[in-house]
Each structure stands twice: as structure tokens, then as C-alpha cells.
Amino acid sequence: MAVSPWAFCNACEFCLQGEESICASGHIIGTAPNQGGYAEYITVPASIAVPIPDSLSYDAAAALTLAAITSWHMLYRRTRVQPGEWVLVQAAGSGVGVYAVQIARFLGAHIIATASTKEKLDRAQALGAEATINYGETDLVDAVKHITNGRGVDVVFEHVGEATWEQSIRSLARNGRLVTCGATTGRAGKVDIGYLYTRQQSLLGSMGGNRLDLQHVLGLAERGILNPVLDTVFPLEEAQKAHERMAARAQFGKMLLHPTE
């Protein structure tokens, strides 16, 4: 079984609407007191267990759960990406980024991927990005406008936060939508209100996903549409090395911890 990351009450107004990830009393597995996920065994409510298709390994399912349902929720449910639209995926080598590229491709969009190295950009292109931008070497907004013939993108997939926030908004086309699920570089993001309303743009928050989202992404992986992207696998006792690799921004995709045999 795969575990949907959100424990929920199944009784509040949001749960009754199917929005389990914003449950009024819910939490992410591993973040509640005395419920860390770095262990050989943990217990979870049966209600959040979802069957893994026979063709998927445990590693593949683990690589998909939180990151893939977050990306699916952002692009399919929150921004409702349409065929032919342009989608800018920030930090495309991250856990959510590698799935955003694939999901946007599945939805029929044109994808611009950003990353900090040529290797990551090449891998993002292999996953389905039509254009790539090295944000350390190129002005992001100018590059986006050049790629889209001055128009901008319909959707920005944002999760970096303060460091990219203003550039992400400036990359939007008129009627564009920015969706964010995180702020790893800081939570302070400036917004020019006049720029926002004169272009009728939308800023959307997104938090994870629900059990149905997990069933969708596992099904897409079973059909070969979504590729579980595994960077490295560490034994549980080497969790520090995994954190160091992530802090160095060396990974592409997901890193896993294997419990001690």
C-alpha cells in the first residue's frame, strides 16, 4: 500500500468537499508530535492507504506520493492547465518539478523548465520540456518573453518563493495564473497590485493533494505516462547524507531512505 501524506478528520467542511489536504484539523504524516517518518516502522490511519499497482515497485510508489500528488493538484485541479498553454516550471530538477514537467506534458501544454545546471536542464528536456532556462546565467523574464514571442506564460509553477517570486509574476501573460506550494527561499513576495489587476492575473495557493490525486498519479505511472524519478537511495542510518545532498542542490528528482534490513 502507498500512503497518502495527509491525515484528515473526514468530518470538517473541507473533508466533506474532498479537500483533505486543507482539513481544519489535519496534518502531514511525519510532522505531528512523536510521529516522525524516519523510522523502520510507523503506523498510519487505514483511511489514507491506497493500493499500489502490481507493476510499480515500493521505491517507485514512494517517489511518487507527496511530490507527484502536489504537482498534480497544482496543475490539474488548481490551475486547470489546458492543451496548448505555456507552463513555466521553476526549479524543474526538484521533487515536485520533475513531476510538474511530466504532468504539464500529459495535459498537452508547452513547457519551459528552469534549473541551475545544464545537466538538470537536459534531463528536464528529456522529461518533456520544450524550452529550458538556466536562471543563474540568463534573465528569466527576458528569456520567457523571447521563447513566447513577447506574450508570457499562461501558468507559472512556483515553489521556490522569495528568490523567484517577482520574476515569476513578471513572466505571466495576461489572464495568467501563478500557483505555489512552497517558499523554500523565503516567504516575503512583493506584488504590484496594479500589474496584477490590469492584466487580470490570478495567484493561487496549493497544498498537497488527496487520496484521489494519489490514485491518479499511481495510475499514470502504471500506464507509463508518469515516470518516477529517483535520484539516490540512502540507508536510513545515512539520512544526514541525504540532507547534505539536498542542501547542496545536487539531486534531480526524489531521494529515498531505506529502512535497515
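Residues numbered from 1 in each chain as written. Predicted model: local features only at pLDDT ≥ 70, side-chain atom pairs only at ≥ 80, totals over all residues. Heavy atoms only, no water.

(A) Spatial organisation of the sheet that holds strand S5 (residues 86–89). Pairing in this open sheet of 6 strands is parallel, and the strands run S7-S6-S5-S8-S9-S10 from one edge to the other. A strand with exactly one partner marks an edge of an open sheet, and here the two such strands are strand S7 (131–134) and strand S10 (202–205). The sheet shows a mean angle of 20 degrees between the axes of neighbouring strands, direction not considered. The pairing of S5 with strand S8 (residues 153–158) spans 3 bridges and is classified as parallel. Residue pairing for S8: Leu88 is matched across the bridge by Val156. Across the sheet, helix H5 (residues 140–147) touches S5, strand S6 (110–115), S7 and S8, and the angle it forms with S7 is around 165 degrees. (Pairing = 2+ DSSP bridges. Helix = DSSP H or I, 4+ residues; strand = E, 2+ residues; numbered from the N terminus. Axes fitted to C-alpha atoms, helices over the stretch in contact; angles between N-to-C directions. Contact = heavy atoms within 4.5 Å.)

(B) Quick peek at a nonpolar patch on the surface. Taken together, the side chains of Val191, Ile193, Tyr197 and Leu203 define a hydrophobic patch exposed on the protein surface, amounting to about 400 Å² of accessible area. With respect to the helices and strands, Leu203 occurs in strand S10. (Patch = residues over 30% accessible without salt bridge, like charges linked within 9 Å, V, L, I, M, F, W, Y side chains within 5 Å. Areas by Shrake-Rupley, 256 points an atom, 1.4 Å probe, with all protein chains shown as cover. Salt bridge = Lys/Arg side-chain N within 4 Å of Asp/Glu carboxyl O.)

(C) Summary view of the pattern of salt bridges. Summed over all chains, the structure comprises 9 salt bridges. Close ionic contact of Arg77 with Asp213 constitutes a salt bridge, the shortest N to O distance being 3.0 Å. One end of the pair, Arg77, is in helix H2 (residues 58–78); the other, Asp213, is in helix H8 (residues 211–222), with 136 residues separating them in the sequence. According to the relative accessible area criterion, Arg77 is partly exposed, its value standing at 22%. We classify Asp213 as buried; its relative accessible area is 2%. What emerges from the salt-bridge pattern is a single network uniting Glu19, Arg77 and Asp213. (Buried < 20%, exposed > 50% of the residue type's maximum accessible area, 1.4 Å probe, protein only.)

(D) Representation of the packing of aromatic side chains in the model. Using the criterion set out here, one finds 2 aromatic pairs in the structure. With centroids separated by 4.4 Å and ring planes inclined at 20 degrees, the aromatic side chains of Trp72 and Tyr76 adopt a geometry described as stacked. Here Trp72 pairs with Tyr76, and both are found in helix H2, just 4 residues apart, close to one helical turn. Overall, Tyr76 belongs to the partly exposed group, its relative accessible area being 40%. Relative to Phe106, the ring of Trp72 has its centre 6.4 Å away and its plane inclined at 35 degrees; by these criteria the two rings are tilted. Residue Trp72 is located in helix H2, and its partner Phe106 is located in helix H3 (residues 95–106); the two are separated by 34 residues in the primary sequence. Here a set of aromatic residues connected by ring pairs shows up, and it is made of Trp72, Tyr76 and Phe106. One residue, Arg170, lies across the ring of Tyr195, its end atom 4.0 Å from the ring centre. (Phe/Tyr/Trp six-rings, centres within 6.5 Å; stacked < 30°, edge-to-face > 60°. Lys NZ or Arg CZ within 6 Å of the ring centre and 35° of its normal.)

(E) Main features of the nonpolar core. Counting residues in hydrophobic clusters, the biggest one holds 43 residues, and the most contacted among them are Leu75, Tyr99 and Leu226. Among the secondary structure elements, those contributing two or more residues to this core are H2, S5, H3, S6, helix H4 (118–127), S8 and H8. With 9 residues, the top contributor of residues to this core is H2. Beyond its immediate sequence surroundings of up to four residues, Tyr99 is in contact with Ala63, Leu64, Ala67, Ala68, Ser71, Leu226, Asn227, Pro228, Val229 and Lys254. Counting residues in hydrophobic clusters, the runner-up holds 15 residues, among them Trp86, Leu88, Ile133 and Val153. (Core = buried A, V, L, I, M, F, W, Y, C linked by side-chain atoms within 4.5 Å.)

(F) Main features of the environment of His159. Take His159: it is sitting in the loop between S8 and helix H6 (165–170). Linking His159 and Tyr135, residues 24 residues apart in sequence, is a C-alpha distance of 15 Å. Beyond its immediate sequence surroundings of up to four residues, His159 is in contact with Gln90, Ala91, Ser94, Val96, Thr180, Cys181, Gly182, Ala183 and Thr184. At 2.8 Å, the side chain of His159 and the backbone oxygen of Gln90 are in polar contact. Within polar-contact distance, the side chain of His159 engages the side chain of Ser94 at 3.5 Å. (Polar contact = N/O pair within 3.5 Å; in protein donor to acceptor, adjacent residues only side chain to side chain.)

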